[in-house]
Amino acid sequence: MRSSRDLAEILKRIDGRGYKAYKDIQGAYDFGWFTLYIDHVQGDPFASPSRLRARVPQSKAQIPEAWRKNSSRLVALEDYLTRQFARVAGAVARGVKGTGKSGLIAIDKPGQQVLPRTSMVVTPEYVESRFVVGLPASGRRVLGHQAETILCHQVPEIVRKSLLAKNLDSQAVQEHVEVVEDADYIREHLAEQGLVAFVANGSILPRASGISDKPMNAKEAVPFQSPKTLEVTFITPNHGEITGMGIKVGITLIVGGGYHGKSTLLRALEKGVYNHIPGDGREFVITNPNAVKIRAEDGRGVEKVKISPFIVNLPRGVDTDRFSTSEASGSTSQAANIIEALEGGAEVLLIDEDTSATNFMIRDVRMQQLVSKDKEPITPFIDKVRQIYTELGVSTVIVLGGSGDYFDVADTVVMMDEYCPRDVTAAAKQVAEAYRTERIPEGGAGFGTISRRCPLPESIDPTKGRGKIKIAARGVESIQFGREEINLRYLEQLVDPSQSRAIGDIIFYAKRYLDGSRSIREGIELVMQDIEREGLDVISPYKGQHPGDYALPRRHEVIAALNRLRTLKVQVKPE
Ligand code: ADP
Ligand code: MG
């Protein structure tokens, strides 16, 4: 292997030459205490920056076994080291200026969630960070001496300050891994206690602003405090007893006046499928990992989804057992979102009135009298929510301040009162007795079966012009997939642009399994198993080039993205 001195020599030699001369530095370099891999050299100063890895053997890194002794801790440790690398890089990568991305040293930086990612790999043998560097240029000329500063001085300094245990704040690392381990512990033990979610007392649910996922300022935020009747306690490995509000299986209604914190609670539950960093406020807001947010999404495309449990007899004899449209309405999109979530194995549905179609949620007695059942294609959710629980075992948490009709179908009613939850179940039942709605139930005998939709592989085409593959994420909101744009804006549980990036490549990877005979869920589950077994790197189409910028998505968001690919064609197979 070449040495760091060899690297410096090459850089001196190519100084002042055309940018392509940088290709000479591709390869591995022994720095004595770590190895630098230059995997991919950018083509010009404006192209995506070059991809590098720094691998430090454990004999030098000395990461304590205790920080990585199980998968929860390992994910947290890798997340911590990524953040540390980003912090140090931000401080060290200065001084080198030039054209385009010259001088940049960056790692894929996480947000408030702790997700498995490819930016950092810790094994019993080594610690490896994957990062990018903008190789410096003046115009199109190599700035060799500056490159030497970056690669032979700045990078080693960042690696030293972020990957060697002795340079880390061991208390902060400890806290990071302990919080994540306890969060996973609670999530794994929710079902035992008959819960779909848990919100610890003292949690800070509101965020700093509509565009920031950071916690609201502690002076303004009212910490969460469970009503006594709903309180449960977990005995966690690191934090001992943690007490808070348990949300039970079944149907939970969150009511309360406008602006009293209902949506804020639901949003926290949506994100509770992920773990959060210490200080986030939602460290111990924990939700069943298969909870899926459901909303109306008019305009989306739908391919042969059996929305007939909710919608039949559409005008012009439209088939709602295999409902297809390029532009769904509010109610048909919400129905499709529910059926697709159930196909994907959702165990909890999270619904907010703010983002629902009213005619999908309720139909009161007066409307029943005026518009008879045979003139209304929609069976409202209120008549289906209990069937979904009793027949499919899927619970629902609904925010609804606008209709008391749901008191009849709810198991638990929580009222948000100036950001404080109160258990008003008994009172709601009394009201339901005293003021009968006289609604006629419209739900029929049962919910019916969920059909198997099997994608045709040729309908998943990532190519764009002359067979060239084009898959690119645009932030967290969309993926370019070949000639198509997959709109992810309404997948509210997608939190990281690196998840979107992974989803694009997962869909492409999944083609090997989606052969026309497997359902979407079966195909995507096989991919998720490959990832589980071989790591998230496996989905990268660029072999030999480290994928340092993936974060793990849930299978639910992958399935939802595939369902939003407008070219998707499926064959519906018998259940
Ligand atoms: P609702 O859905 O009941 O109308 P929201 O959840 O949208 O209410 O909350 C209304 C406002 O109150 C938001 O600006 C939110 O940030 C703020 N808020 C929510 N929960 C809290 C809390 N615990 N402490 C302080 N402010 C809060
Ligand atoms: Mg609201």
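Let me begin by describing the structure that accompanies this report.

The rules behind each value
- Residues numbered from 1 in each chain as written.
- Chains lettered and ligands numbered in written order.
- Predicted model: local features only at pLDDT ≥ 70, side-chain atom pairs only at ≥ 80, totals over all residues.
- Heavy atoms only, no water.
- Near = heavy atom within 4 Å.
- Polar contact = N/O pair within 3.5 Å; in protein donor to acceptor, adjacent residues only side chain to side chain.
- Areas by Shrake-Rupley, 256 points an atom, 1.4 Å probe, with all protein chains shown as cover.
- Nonpolar A, V, L, I, M, F, W, Y, C, P; charged D, E, K, R; others polar.
- Pairing = 2+ DSSP bridges.
- Helix = DSSP H or I, 4+ residues; strand = E, 2+ residues; numbered from the N terminus.
- Axes fitted to C-alpha atoms, helices over the stretch in contact; angles between N-to-C directions.
- Donors = N, O, S within 2.8 Å, 3.2 Å for Na, K, Ca; no water.
- Buried < 20%, exposed > 50% of the residue type's maximum accessible area, 1.4 Å probe, protein only.
- Salt bridge = Lys/Arg side-chain N within 4 Å of Asp/Glu carboxyl O.

## Topic: the site of ligand 1
Step number 1: Inspection of the region around ligand 1 gives 14 residues, with Val222, Tyr259, Lys262, Ser263 and Thr264 positioned closest.
Step number 2: The separation between an oxygen atom of ligand 1 and a polar main-chain atom of tyrosine 259 is 2.7 Å.
Step number 3: Threonine 264 places a polar side-chain atom, nitrogen or oxygen, 2.6 Å from an oxygen atom of ligand 1.
Step number 4: Here ligand 1 has 570 Å² of accessible area as a free molecule, and 81% of this is covered by the chains.
Step number 5: Considered class by class, the residues forming the shell around ligand 1 number six nonpolar, six polar and two charged.

## Description of the sheet that holds strand E27 (residues 471-474)
Step number 1: Spatial strand order, E27-E28-E29: three strands in an open sheet with antiparallel pairing. What marks the edges here is a single partner per strand, and that holds for E27 and strand E29 (484-487). Shown here is a sheet whose adjacent strand axes are inclined to one another by a mean of 20°, direction ignored.
Step number 2: Pairing of E27 with strand E28 (residues 478-481), which is carried by four bridges, proceeds in the antiparallel orientation.

## Some points on the coordination of the magnesium ion (ligand 2)
For a metal with four tetrahedral donors the ideal donor-metal-donor angle is 109.5 degrees, whereas six octahedral donors ideally subtend 90 or 180 degrees.
Step number 1: On the protein side, the magnesium ion (ligand 2) has Ser263 (OG) and Asp354 (OD) as donor atoms, found 2.1 to 2.2 Å from it. Here serine 263 is found in helix H6 (residues 262-271), whereas its partner aspartate 354 is found in the loop between strand E22 (348-352) and helix H8 (358-361), with 91 residues between them in sequence.
Step number 2: Since its relative accessible area comes to 13%, serine 263 is described here as buried.

## Topic: the pattern of salt bridges
Step number 1: Under the definition given, this model contains 41 salt bridges.
Step number 2: Arginine 83 is the partner of aspartate 79 in a salt bridge, and the nearest nitrogen-oxygen pair spans 2.6 Å. Highlighted residues: aspartate 79 and arginine 83, both in helix H3 (residues 71-92), separated by four residues, approximately one helical turn.
Step number 3: In this structure arginine 83 comes out as buried when scored by relative accessible area, which is 12%.
Step number 4: Residues joined by salt bridges that share partners form a network here, namely Asp39, Arg53, Arg55, Glu128, Arg130 and Asp537.

## Describing the pairing of strand E8 (residues 126-133)
Step number 1: Counting buried positions along E8 yields eight of eight residues, so the element is predominantly enclosed.
Step number 2: The alternating pattern of E8 places Tyr126, Glu128, Arg130 and Val132 on one face and Val127, Ser129, Phe131 and Val133 on the opposite face, and all of these are buried.
Step number 3: By the bridge criterion, eight bridges tie strand E4 (residues 50-57) to E8 in an arrangement that is antiparallel. The residue bridging arginine 55 from the neighbouring strand is glutamate 128, located in E8.
Step number 4: As paired elements, strand E5 (residues 105-106) and E8 share two bridges and run antiparallel to each other. Among the inter-strand pairings, alanine 106 is bridged to a residue of E8, identified as valine 132.
Step number 5: By the bridge criterion, three bridges tie strand E7 (residues 120-122) to E8 in an arrangement that is antiparallel. Residue pairing in the sheet places methionine 120 in a bridge with serine 129 of E8.
Step number 6: The hairpin formed by E7 and E8 contains three residues between the paired strands.

Interpretation note: all reported values are geometric properties and have no functional meaning in isolation.
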